[in-house]
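Read off the chains here:
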Amino acid sequence: DTEVTQTPKHLVMGMTNKKSLKCEQHMGHRAMYWYKQKAKKPPELMFVYSYEKLSINESVPSRFSPECPNSSLLNLHLHALQPEDSALYLCASSQIGQGLIGLHFGSGTRLTVV
Amino acid sequence: DQQVKQNSPSLSVQEGRISILNCDYTNSMFDYFLWYKKYPAEGPTFLISISSIKDKNEDGRFTVFLNKSAKHLSLHIVPSQPGDSAVYFCAASVLNSGYALNFGKGTSLLVTP
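Residues numbered from 1 in each chain as written. Chains lettered and ligands numbered in written order. Predicted model: local features only at pLDDT ≥ 70, side-chain atom pairs only at ≥ 80, totals over all residues. Heavy atoms only, no water.

(A) Local environment of the sheet that holds strand E6 (residues 56-59) of chain B. Residues and elements named next belong to chain B. As summarised here, the arrangement of the 5 strands in space is E1-E3-E8-E7-E6, forming an open sheet in which the pairing is antiparallel. Of all strands in the sheet, those with a lone pairing partner are strand E1 (4-5) and E6, marking the two edges. By the bridge criterion, 6 bridges tie strand E7 (residues 62-67) to strand E8 (residues 72-77) in an arrangement that is antiparallel. Residue pairing in the sheet places Leu66 in a bridge with Leu73 of E8. (Pairing = 2+ DSSP bridges. Helix = DSSP H or I, 4+ residues; strand = E, 2+ residues; numbered from the N terminus.)

Have a look at this one:
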């Protein structure tokens, strides 16, 4: 299984809602990532988990809360988002130490905040 | 501040010809460069990479060239096929920086029959 699976594929949420994005991989990768991509912009790194511990937080606002319950799962909890947070959220995974070579991306969750 | 630049948003090439996608970077600390390919409704897929100790890396129809003095890299696809039509992202990183990839904005390649 060489896939990174993200659910849901599309999500529309109000500014007062709480929702979660989910990511799953069964490749045995111990590094997992959240990226955000706006239209016509490159993906921007948000968070990196290594061995289920948060290793990089790229100054992301606290309304985004990542969670790595185990080595196969990565969640992104969303609360009190703003319309400008609407974007494609990409999950990725890799082997530790081969992150740059073996970054496997999911198809993303298209988030719209209304 | 865009540290990785892909100045051509789109490129159209005939099937069988060479596609050349260009990428420039500004951060001289970058020492690892990657190309990703992205189809609509899918996440980016790793294509090929090159370390700064090399100036060329080849994998089948795909070759990446690195010119460190010019801070420029290019991806050559020969021969181009219609299935190569996708958005191509150039990315760069400092190997000891903890997996932070800096992406370019992408170039949309269209290979016509």
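(B) Summary view of the sheet that holds strand E1 (residues 4-7) of chain A. All names here are of chain A. The strand order E1-E3-E8-E7 describes an open sheet built from 4 strands, whose pairing is antiparallel. The strands lining the two open edges of the sheet, one partner per strand, are E1 and strand E7 (64-70). The sheet shows a mean angle of 20° between the axes of neighbouring strands, taken without regard to direction. In terms of strand pairing, strand E3 (residues 18-25) meets strand E8 (residues 73-79) through 7 bridges, oriented antiparallel. Counted as the bridge partner of Lys22 is Asn75 from E8. (Axes fitted to C-alpha atoms, helices over the stretch in contact; angles between N-to-C directions.)

(C) Structural context of the pattern of salt bridges. Evaluated as defined, the whole model comprises 5 salt bridges over all chains. Note that A:Asp85 is salt-bridged to A:Arg63, the shortest N-O span being 2.7 Å. Of the two residues, A:Asp85 sits in the loop between E8 and strand E9 (87-94) while A:Arg63 sits in the loop between strand E6 (53-57) and E7, which places them 22 residues apart along the sequence. A:Arg63 gets classed as partly exposed once you look at its relative accessible area, which sits at 24%. Between B:Glu58 and B:Lys56 there is a salt bridge; the shortest N-O distance is 4.0 Å. Salt bridges linked by common partners bring A:Lys36, A:Arg63 and A:Asp85 together as one network. (Salt bridge = Lys/Arg side-chain N within 4 Å of Asp/Glu carboxyl O. Buried < 20%, exposed > 50% of the residue type's maximum accessible area, 1.4 Å probe, protein only.)

(D) Layout of the environment of B:Ile48. Residue and element names in this part refer to chain B. Following the sequence through the fold, Ile48 ends up in strand E5 (residues 45-51). By relative accessible area, which is 2% here, Ile48 ends up buried. Placed 13 residues apart in sequence, Ile48 and Trp35 show a C-alpha to C-alpha distance of 5.5 Å. Other than its neighbours up to four places away in sequence, Ile48 contacts Phe33, Leu34, Trp35, Asn57, Glu58, Asp59, Phe62, Thr63, Val64 and Leu75. (Contact = heavy atoms within 4.5 Å.)

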